[in-house]
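Descriptive analysis of the structure
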Amino acid sequence: MASLQSIFYRTMHCRTGGLSMDIVTVSERTKRLLMLLVLLGVCVGTAFFCYYPAAADLLLLDHGLAPAPQAQTLWDIFAASLFPSVVVMLLMLLSAFSAIGQPAALALLLSHGCAMGIAGASQFVNLGWLHGSLYTALCILPHGFFTALLLTISARDAVQLSAQQLAYLLHGDTESDITVATRRCILHFLGRIALLPLGATAETLVFWLLTKNR
């Protein structure tokens, strides 16, 4: 009979419908499935905004991706765009340190997709189809997808480390591997957090260019 390590560490699977995802082995398939989770979040966020338009006014739900043009400084827009992403990244890092943190990491990734959907839908409603499409394409999507890419890679690493924690609890002989993986995971997360201001800066500059003549 296969060992518990091989069951829970090497071949642990997350199945939805007919799809299976190896949450330990880094693969292109894993990345594609995680990006699909982001796109699912976009659809959910769009539908939720149609049901509850006030969601665009809540920083917790739209992650600062849809800044209001009135009565805001550039710092307000930059801070609102950056800090929610940093918080999500830090929470995802914390989920990596739990043996049952995989659902939390995936839920955080899904929440970012929902924020993109809410932010995009709000612009279509507030600015109309033409201007809403322009604003979404130039301001929301670059920052949203750049952050989504960083969060997707981070979610993969968080799920991988969390699965290793679970394998250690069940089998107990992979402590050295977990130590190395934890250090590597922390360094990678810090590097990605350092990149998050790039997306927020891009959104702030585009917003300024689009509104400076108003």
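Everything below is about the structure printed above this text.
Described below are features of the structure shown in this document. (Residues numbered from 1 in each chain as written. Predicted model: local features only at pLDDT ≥ 70, side-chain atom pairs only at ≥ 80, totals over all residues. Heavy atoms only, no water.)

**Thoughts on the packing of aromatic side chains**
Following the criterion strictly, the structure yields five aromatic pairs and no others. Their ring planes at 75 degrees and their centres at 6.3 Å tell us that Trp 75 and Phe 83 sit as a pair that is edge-to-face. Given the relative accessible area of 53%, Trp 75 is considered exposed. Residues Tyr 135 and Phe 207 carry aromatic rings whose centres are separated by 6.4 Å and whose planes lie at 85 degrees to one another, so their mutual orientation is edge-to-face. With Tyr 135 in helix H5 (residues 102-171) and Phe 207 in helix H6 (residues 175-211), this pair connects stretches of sequence that are 72 residues apart. (Phe/Tyr/Trp six-rings, centres within 6.5 Å; stacked < 30°, edge-to-face > 60°. Buried < 20%, exposed > 50% of the residue type's maximum accessible area, 1.4 Å probe, protein only. Helix = DSSP H or I, 4+ residues; strand = E, 2+ residues; numbered from the N terminus.)

**Some words on the nonpolar core**
If you look at the biggest cluster of nonpolar residues, it comprises 37 residues, and the most contacted ones within it are Met 89, Met 92, Leu 109 and Phe 189. Mapped onto this core, the elements with two or more residues apiece are helix H2 (28-51), helix H4 (74-96), H5 and H6. Here this core takes 16 residues from H5, the largest share from any one element. Residues within four places of Phe 189 in sequence aside, it is in contact with Met 89, Met 92, Leu 93, Ser 154, Asp 157 and Ala 158. (Core = buried A, V, L, I, M, F, W, Y, C linked by side-chain atoms within 4.5 Å. Contact = heavy atoms within 4.5 Å.)

**Looking at the pattern of salt bridges**
The full count for this structure, using the stated rule, is two salt bridges. The partner of Asp 157 in a salt bridge is Arg 156, with the nearest N and O atoms 3.1 Å apart. For Asp 157, the salt bridge goes to Arg 192, with nearest N and O atoms at 2.7 Å. With a gap of 35 residues between them, Asp 157 in helix H5 and Arg 192 in helix H6 connect regions that are remote in the sequence. The two residues Asp 157 and Arg 192 agree in class, both being buried. Overlapping salt bridges, with partners in common, bring together Arg 156, Asp 157 and Arg 192 in one network. (Salt bridge = Lys/Arg side-chain N within 4 Å of Asp/Glu carboxyl O.)

**Regarding the environment of Ala 66**
Structurally, Ala 66 is set in the loop between helix H3 (59-62) and H4. Here the alpha-carbon distance between Ala 66 and Ala 119, two residues 53 residues apart in the chain, equals 4.8 Å.

**Digging into a nonpolar patch on the surface**
Taken together, the side chains of Val 87, Leu 91, Leu 94, Phe 97, Ile 186, Leu 187 and Leu 190 present a nonpolar region at the surface, about 630 Å² in accessible area. At the level of elements, H4 and H6 are the ones that each hand at least two residues to the nonpolar patch. Structurally, the position occupied by Leu 190 is in helix H6. (Patch = residues over 30% accessible without salt bridge, like charges linked within 9 Å, V, L, I, M, F, W, Y side chains within 5 Å. Areas by Shrake-Rupley, 256 points an atom, 1.4 Å probe, with all protein chains shown as cover.)

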